[in-house]
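Chain by chain, the residues run as shown.
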Amino acid sequence: MPWTGSRGKPTWQTLAAKFARRTIPMTPPRYIGRFAPSPTGPLHFGSLVCALGSYLDAVAHGGTWLIRMEDLDPPREMPGAAERILHSLDVHGLHSPHPVEWQSKRHHLYQRALDQLQENNLLYACGCTREQIRRAGGHRRADCRQGSPVSGTPAALRFCSEGEDEHFLDLWHGPQSQRTSEDPILKRKDGLFAYQLAVVVDDIQQGVTWVVRGADLLDCTGVQCQLFRALGAEPPGFGHLPLVMNETGQKLSKQNHAAALDDRRPTDNLLQALRFLGLRPPVELSLEQPHHLLAWATAHWQRQQVNRHNRRLHQ
Ligand code: GLU
């Protein structure tokens, strides 16, 4: 067998054949992706785009797609929303081979991570108010006015972030360089674990290798990378999908009362979401069941077709 390509360079086939003879098999890193909705309301079209984008990227790469319910903040949750979200995913054919994980059942993992950070002196109690931090234009351990508040006074626990630029590559936004001016809260004054902690702990514990989610979370990715490393893990790859905007230029969100997905029209919803993600499903698919659309989309998914700009649905 020739070991070189036509220009004398090894081709990938020759290299693959060569490596296949080694005693240690070369297995590519496994792809584990996830969709992690917060049950603050039913899914809307923007969240379907994120669910679908993360699903397609995982499945098209031979990966596993997980669903994690981020029910971490009961005061912000809407009764019944988690069940509605799971029902919507189901009728749109977005199934995971693994059971749904619920953050409300994982508090012991978050506490263990806080203990680990505490042991490494990467955590501090802070009683500063939002207003104090806003006036100071940032917040790090050295700026903490309140220091360790007297016991009994409510205090948040903050992560000592690095004051350096954090670099990472985003699938659609390219090379990123982020510096955080504020140490993130990992446990809130009201005693609840914060999103930044839980999301990183879960992504580590579930072995997530690719985080594909909405572009509204791009800005907090740098500090999450720091937290991954502080907890002894390499950060996964990141891809931030374009947001769907409403007529007034705001992103569709539960806060601005985006309409709930109409679960009676899964095929139409999926076709629109696929077009938003840059695919061109043939008209014949408009009569098909969701699983047929998803099979077609998985075969045709290409990362470079996604237009990263946030925009309205029909732009
Ligand atoms: N739970 C977050 C949300 O619904 C998403 C978290 C993430 O994907 O990192 O916006």
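This structure is a prediction, so every number in the text was calculated from the model and none was measured.

1. Brief notes about helix α8 (residues 266–276)
Three or four residues apart is the spacing at which side chains of an α-helix point the same way, because the helix has 3.6 residues per turn.
Next up, step 1: Burial within α8 is extensive, with 8 of its 11 residues counted as buried.
Next up, step 2: Those residues of α8 lying buried are P266, T267, N269, L270, L271, A273, L274 and F276.
Next up, step 3: Turning to α8, the residues buried within the fold contact α2 (45–60), α3 (81–91), β11 (244–245), α9 (290–300) and β12 (311–312).

2. A closer look at the pattern of salt bridges
Side-chain pairing between opposite charges can occur once the charged atoms of the two side chains come close.
Next up, step 1: Per the stated rule, a full pass over the model turns up 20 salt bridges.
Next up, step 2: A salt bridge links R68 to E70; the nearest nitrogen and oxygen atoms lie 3.0 Å apart.
Next up, step 3: According to the relative accessible area criterion, R68 is buried, its value standing at 0%.
Next up, step 4: The partner of D165 in a salt bridge is R179, with the nearest N and O atoms 2.8 Å apart. Of this pair, D165 sits in the loop between β5 (156–159) and β6 (166–170) while R179 sits in the loop between β7 (174–178) and β8 (185–187), and the two are 14 residues apart along the sequence.

3. Some points on the confidence of the model for the chain
Next up, step 1: Of the residues in the chain, 88% reach a pLDDT of 70 or more, and the chain-wide mean stands at 89.
Next up, step 2: The low-confidence segment residues 1–10 (pLDDT under 50) makes 12 contacts with residues lying over four places distant or belonging to another chain.
Next up, step 3: This stretch, residues 18–23, has a pLDDT under 50; its non-local contacts, to residues over four places away or in other chains, come to 3 contacts.

4. Focus: the packing of helix α6 (residues 195–205) against helix α7 (residues 221–230)
The geometry of a pair of packed helices is captured by two quantities: the angle between their axes and the separation between those axes.
Next up, step 1: Contact pair α6 / α7: the axes reach a minimum separation of 10 Å and the direction vectors enclose 55 degrees. Taken together, the axis directions place α6 and α7 in an arrangement best described as oblique. Crossing handedness for the pair α6 and α7: right-handed. For the pair formed by α6 and α7, the contact residues are Y195, Q196, L197, V199, V200, D203 and I204 on the first element and Q224, L227 and F228 on the second.
Next up, step 2: Classifying every residue of the contact of α6 with α7 gives 7 nonpolar, 2 polar and 1 charged.

Rules and cut-offs
Residues numbered from 1 in each chain as written. Predicted model: local features only at pLDDT ≥ 70, side-chain atom pairs only at ≥ 80, totals over all residues. Heavy atoms only, no water. Buried < 20%, exposed > 50% of the residue type's maximum accessible area, 1.4 Å probe, protein only. Helix = DSSP H or I, 4+ residues; strand = E, 2+ residues; numbered from the N terminus. Contact = heavy atoms within 4.5 Å. Salt bridge = Lys/Arg side-chain N within 4 Å of Asp/Glu carboxyl O. pLDDT = per-residue confidence, 0-100. Axes fitted to C-alpha atoms, helices over the stretch in contact; angles between N-to-C directions. Parallel < 35°, antiparallel > 145°, perpendicular 65-115°, else oblique. Left-handed = near helix turned anticlockwise from the far one by under 90°. Nonpolar A, V, L, I, M, F, W, Y, C, P; charged D, E, K, R; others polar.

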